[in-house]
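These are the residues of each chain, in order.
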Amino acid sequence: MEFEDVLREVGDYGKYQRNLIMIFLLPAASLLPWLSMNVLFMVSVPDHWCSVPELTAFNLTIEQQRSLISPPNEHCRRYNISYTDILDIENSTLSNVSTTPCDQGWQYDETYWDETASTKWNMVCDDAHYNSFILTMHNVGSIIGTPIYGSLSDKYGRKITFFFTIIITAITAISSVLQHDFTAFAIIKTINGSLMPSVFQLPFII
């Protein structure tokens, strides 16, 4: 008699399997992505342009400010002019004015996000590579965590390991939002990434 025949005899899908799906698979598939995949939203880069504090004293719209700050579709440089007299700027021709890198930070479009990791640490322009670094470390964590949590599940049991990974995933996801230090943020997202494969794989083999 083959194993499949025995499985059909004792029942291959019953109350136990349904409970596993309801208790383990559904939470893993519906809730945990918000805790483990939120890194994609956290390093999103909204539209941005050079910050010019002098312009805040004038009643200008965002579009008017941007037209005075930099050429169209330019995010990392501003016109190399003095903004102390707005009337002189409006009457001048900016098309022939040279540009200079942003030296007073950036302003960000807050239409979709009030703040992201990219805006908190100004990971734009020359520092835009830090966004890719965070995503890379998140995936490196996945490579490191797979054999570690696989060994733990063999030693202590898959259910215990599964609940452990859920708890640590929640802790690291929440704590990453509260971080004010970039290095700590990168370490926490690496740990969070190390848990992701186990969180999604363990329910299928419990």
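Residues numbered from 1 in each chain as written. Predicted model: local features only at pLDDT ≥ 70, side-chain atom pairs only at ≥ 80, totals over all residues. Heavy atoms only, no water.

**Topic: the overall build of the chain**
In terms of regular secondary structure, the chain is built from ten helices and four strands. Listing every helix and strand of the chain by position from the N terminus yields α-α-α-α-β-α-β-α-β-β-α-α-α-α. Considering the chain as a whole, with its 206 residues, one finds that 34% of them fall into the buried category. Once local pairs closer than 6 in sequence are excluded, the contacts in the chain between residues at least 24 apart make up 69%. If you sum the accessible surface of the chain, you get close to 12,600 Å²; carbon and sulfur atoms cover 60% of it. (Helix = DSSP H or I, 4+ residues; strand = E, 2+ residues; numbered from the N terminus. Buried < 20%, exposed > 50% of the residue type's maximum accessible area, 1.4 Å probe, protein only. Contact = heavy atoms within 4.5 Å. Areas by Shrake-Rupley, 256 points an atom, 1.4 Å probe, with all protein chains shown as cover.)

**Notes on the UniProt feature "transmembrane region" (unreviewed entry) in the chain**
Mapped onto this structure's residue numbering, the UniProt feature "transmembrane region" (unreviewed entry) falls at residues 20–41 and 160–178. For residues 160–178, the helix share is 100%, the strand share is 0%, and the end-to-end C-alpha distance is 28 Å. (UniProt positions renumbered as here; feature names shortened; annotations may be inferred.)

**Considering the nonpolar core**
Of all hydrophobic cores here, the largest spans ten residues; its members are Trp49, Cys50, Val52, Leu55, Leu60, Leu68, Ile69, Tyr79, Tyr83 and Cys102. Every element with two or more residues in this core is listed here: β1 (48–50) and α5 (62–69). Apart from residues no more than four positions distant in its own chain, cysteine 102 is found in contact with Cys50, His75, Cys76 and Arg77. Core analysis: the next-biggest nonpolar cluster, separate from the first, contains nine residues, Val43, Ala117, Met123 and Ile134 among them. (Core = buried A, V, L, I, M, F, W, Y, C linked by side-chain atoms within 4.5 Å.)

**A closer look at the environment of glutamate 74**
When you line up the elements, glutamate 74 lands in the loop between α5 and β2 (77–79). With 24 residues separating them along the chain, glutamate 74 and cysteine 50 place their C-alpha atoms 9.0 Å apart. A polar atom in the side chain of glutamate 74 sits 3.2 Å from the backbone nitrogen of arginine 77. (Polar contact = N/O pair within 3.5 Å; in protein donor to acceptor, adjacent residues only side chain to side chain.)

**Description of the state of the cysteines**
A full pass over the atoms with the stated rule returns two disulfides. Here cysteine 50 is linked by a disulfide to cysteine 102, with a sulfur-sulfur distance of 1.7 Å. The S-S bond linking cysteine 50 to cysteine 102 shows a torsion near -70°; that makes this disulfide left-handed. Separated by 52 residues along the polypeptide, cysteine 50 in strand β1 and cysteine 102 in the loop between β3 (99–101) and β4 (106–108) bring together distant segments of the chain. According to the relative accessible area criterion, cysteine 102 is buried, its value standing at 14%. (Disulfide = S-S within 2.5 Å.)

**With respect to the packing of aromatic side chains**
Counted by the stated rule, this structure contains six aromatic pairs. With centroids separated by 6.5 Å and ring planes inclined at 35°, the aromatic side chains of phenylalanine 133 and phenylalanine 182 adopt a geometry described as tilted. Taken together, the residues phenylalanine 133 in helix α8 (residues 129–156) and phenylalanine 182 in helix α10 (residues 182–201) connect sequence positions 49 residues apart. Accessibility expressed as a relative area gives 18% for phenylalanine 182, which makes it buried. Joined through ring pairs, the aromatic side chains of Trp121, Tyr130, Phe133, Phe182 and Phe185 make up one cluster. Above the ring of tryptophan 121, the side-chain terminus of lysine 120 is found at 5.2 Å from the ring centroid. (Phe/Tyr/Trp six-rings, centres within 6.5 Å; stacked < 30°, edge-to-face > 60°. Lys NZ or Arg CZ within 6 Å of the ring centre and 35° of its normal.)

**A closer look at unusual backbone geometry**
Of note, asparagine 122 is a non-glycine position whose phi angle comes to about 50°, a positive value. Take asparagine 122: its relative accessible area is 26%, and that puts it in the partly exposed class. In the Ramachandran plot, cysteine 125 falls in the positive-phi region, its phi being about 55° despite a non-glycine side chain. Position of cysteine 125 relative to the elements: it lies in the loop between α7 (117–120) and α8.

**Here's the deal with the pattern of salt bridges**
Counted under the stated rule, the structure contains three salt bridges. With its nearest N and O atoms 2.6 Å apart, the salt bridge here joins arginine 66 to aspartate 47. A residue pair is termed long-range when its members are at least 10 positions apart, and arginine 66 in helix α5 and aspartate 47 in the loop between α4 (39–42) and β1 qualify at 19 residues. Take aspartate 47: its relative accessible area is 31%, and that puts it in the partly exposed class. The partner of aspartate 103 in a salt bridge is arginine 78, with the nearest N and O atoms 3.2 Å apart. Note that aspartate 103 is positioned in the loop between β3 and β4 and arginine 78 in strand β2, a separation of 25 residues in sequence. Aspartate 103 sits in the exposed class, given a relative accessible area of 52%. We classify arginine 78 as buried; its relative accessible area is 9%. (Salt bridge = Lys/Arg side-chain N within 4 Å of Asp/Glu carboxyl O.)

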